[in-house]
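Observations on the three-dimensional arrangement
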Amino acid sequence: MKKFDRLIFVSQADTAAGPMAEAIMQSKYLLDELEVTSKGLVVLFPEPINPKAEAVLAGKGLTMKDHMSDPLVREDFGERTLMLTFTDEAREKVLESFGAEYEDLVQVLHHFVGEEEGPENPYGGSLADYGQCYSVLETLIKKLVVQLNEEELLC
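Let me begin by describing the structure that accompanies this report. Keep in mind that this is a model prediction, so the values were computed, not measured. The numbers attached to residues start from 1 for each chain and follow its sequence in the written order. For this predicted model, a pLDDT threshold of at least 70 governs which residues receive local features, and a threshold of 80 or more governs which side-chain atom pairs are given and counted, while totals over whole chains, interfaces and linings are taken from all residues. The basis for the side-chain values is all heavy atoms of the structure; hydrogens and waters are excluded.

Turning to helix H3 (residues 88-98), a few remarks are in order. Exposure is judged per residue with a 1.4 Å probe applied to protein chains only, and the accessible area is read against the type maximum: over 50% gives exposed, under 20% gives buried, and values in between give partly exposed. Put simply, DSSP marks the helices as runs of H or I at least four residues long and the strands as runs of E at least two long, and each gets a number from the N terminus on. Listed in full, the buried residues belonging to H3 are Ala-90, Arg-91, Val-94, Leu-95 and Phe-98. The arc that holds the buried residues of H3, viewed along the axis, is 135°, so those residues lie on one side. Relative to its buried face, H3 has exposed residues pointing more than 90 degrees away, namely Glu-89 and Glu-96. Here, residues are in contact when the closest pair of their heavy atoms is within 4.5 Å. Tucked into the core, H3 has its buried residues touching strand S1 (6-11), strand S3 (81-85) and strand S4 (106-108). The directions from the helix axis to the C-beta atoms form the arc being described.

This is how it looks when you write it as structure tokens:
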């Protein structure tokens with residue numbers, strides 16, 4: 001039996017790194033179906049993806065042009081939902097805001113796949129900064145896909 005039914009990338013505002021990670025993950029092949037989405041910790045009202053993030057995605061043949069930021073809410077949590085943040089601070093904020101009940105299911109992406117560093121927040125940066133964020137996310141998500149597929153084979 002598969003371990004997760006849903007994967008949520010949790011970022012600060014759900015307008016750049018989260019939607020980019022969602023688009024990258026949705027473009028990958030998984031052995032079993034997995035609902036992939038992104039959510040934000042600070043979403044006061046729905047906002048579209050950052051234009052620089054969308055430009056980077058378009059350059060890679062991907063798009064999230066219809067994406068609107070969405071806040072993380074208690075209903076998003078579940079025993080078969082994996083939540084991946086991009087920083088230790090974001091993980092701590094999730095656990096402080098929603099309780100530690102699902103502590104094992106809220107992880108930092110780069111730690112989860114065995115890497116030392118995660119993506120830098122490109123907010124306010126140049127197009128190149130968004131491109132660098134994309135590159136780091138793509139590398140980490142490739143490792144995530146391998147890890148999730150290996151888990152499926154072992155189930």
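The structure having been displayed, the exposition proceeds.
Another aspect to go through is the environment of Leu-57. Position of Leu-57 relative to the elements: it lies in helix H2 (residues 51-59). Look at Leu-57 and you get buried, because its relative accessible area is 0%. The spacing of Leu-57 and Ile-24 is 33 residues in sequence and 8.5 Å in space, taken between C-alpha atoms. What Leu-57 contacts, discounting residues up to four positions off in sequence, is Met-20, Ala-23, Ile-49, Leu-62, Thr-63, Met-64 and Tyr-134.

On to the pairing of strand S2 (residues 35-40). Summarising burial for S2: 5 of the 6 residues are buried, a large majority. Of the strand pairs in this sheet, S1 and S2 are connected by 6 bridges, and their pairing is parallel. Pairing of Arg-6 across the sheet is with Glu-35, part of S2. One bridge is not enough; two strands pair if DSSP finds at least two bridges between them.

Our focus in this paragraph is the packing of helix H1 (residues 17-26) against helix H5 (residues 127-154). In this analysis, axes come from line fits to C-alpha atoms, helices being fitted only over the stretch in contact, and the angle between any two N-to-C directions falls in the range 0 to 180 degrees. Contact geometry of H1 with H5 gives a least axis separation of 9 Å together with a crossing angle of 45°. With respect to H5, the axis of H1 lies oblique. By crossing handedness, the relation of H1 to H5 is classed as right-handed. Residue-level contacts link Ala-17, Met-20, Ala-21, Ile-24 and Met-25 of H1 to Tyr-130, Cys-133, Tyr-134, Leu-137, Glu-138, Ile-141, Leu-144, Val-145 and Leu-148 of H5. In terms of residue class, the contact of H1 with H5 is made up of 13 nonpolar, no polar and 1 charged. Working definition: roughly parallel below 35 degrees, roughly antiparallel above 145 degrees, roughly perpendicular at 65 to 115 degrees, and oblique for all remaining angles. Two helices crossing with the near one rotated counterclockwise from the far one by less than a right angle form a left-handed crossing, whereas a clockwise rotation gives a right-handed crossing. Gly is placed with the polar residues, together with every amino acid not listed as nonpolar (Ala, Val, Leu, Ile, Met, Phe, Trp, Tyr, Cys and Pro) or charged (Asp, Glu, Lys and Arg).

Not every positive phi belongs to a glycine, and Asp-14 is a case in point at roughly 60°. Assignment of secondary structure puts Asp-14 in the loop between S1 and H1.

The salt bridge definition used is simple: a Lys or Arg side-chain nitrogen within 4 Å of an Asp or Glu carboxyl oxygen. Throughout the structure, instances matching the rule amount to 9 salt bridges. Put simply, Lys-39 and Asp-76 hold a salt bridge, and the shortest N to O gap is 3.2 Å. With Lys-39 in strand S2 and Asp-76 in the loop between H2 and S3, this residue pair connects regions lying 37 residues apart in the sequence. Overall, Lys-39 belongs to the buried group, its relative accessible area being 7%.

Moving on: the packing of aromatic side chains. Under the pairing criterion, centres of Phe, Tyr and Trp rings, with the six-membered ring standing for Trp, must be within 6.5 Å; the plane angle then separates stacked pairs below 30 degrees from edge-to-face pairs above 60, leaving the rest tilted. On inspection of all chains with the given rule, the structure shows 3 aromatic pairs. Taking 6.2 Å as the distance between ring centres and 5° as the angle between the ring planes, the aromatic pair formed by Phe-9 and Phe-86 counts as stacked. On the criterion of sequence distance, the pair formed by Phe-9 in strand S1 and Phe-86 in the loop between S3 and H3 is long-range, its members being 77 residues apart. Since its relative accessible area comes to 8%, Phe-86 is described here as buried. Judged by centre distance (6.2 Å) and plane angle (25°), the rings of Phe-77 and Tyr-102 are stacked. Here Phe-77 is found in the loop between H2 and S3, whereas its partner Tyr-102 is found in the loop between H3 and S4, with 25 residues between them in sequence. A relative accessible area of 14% places Phe-77 in the buried class. Take Tyr-102: its relative accessible area is 25%, and that puts it in the partly exposed class. A connected cluster of aromatic rings, assembled from ring pairs, spans Phe-77, Phe-98 and Tyr-102.

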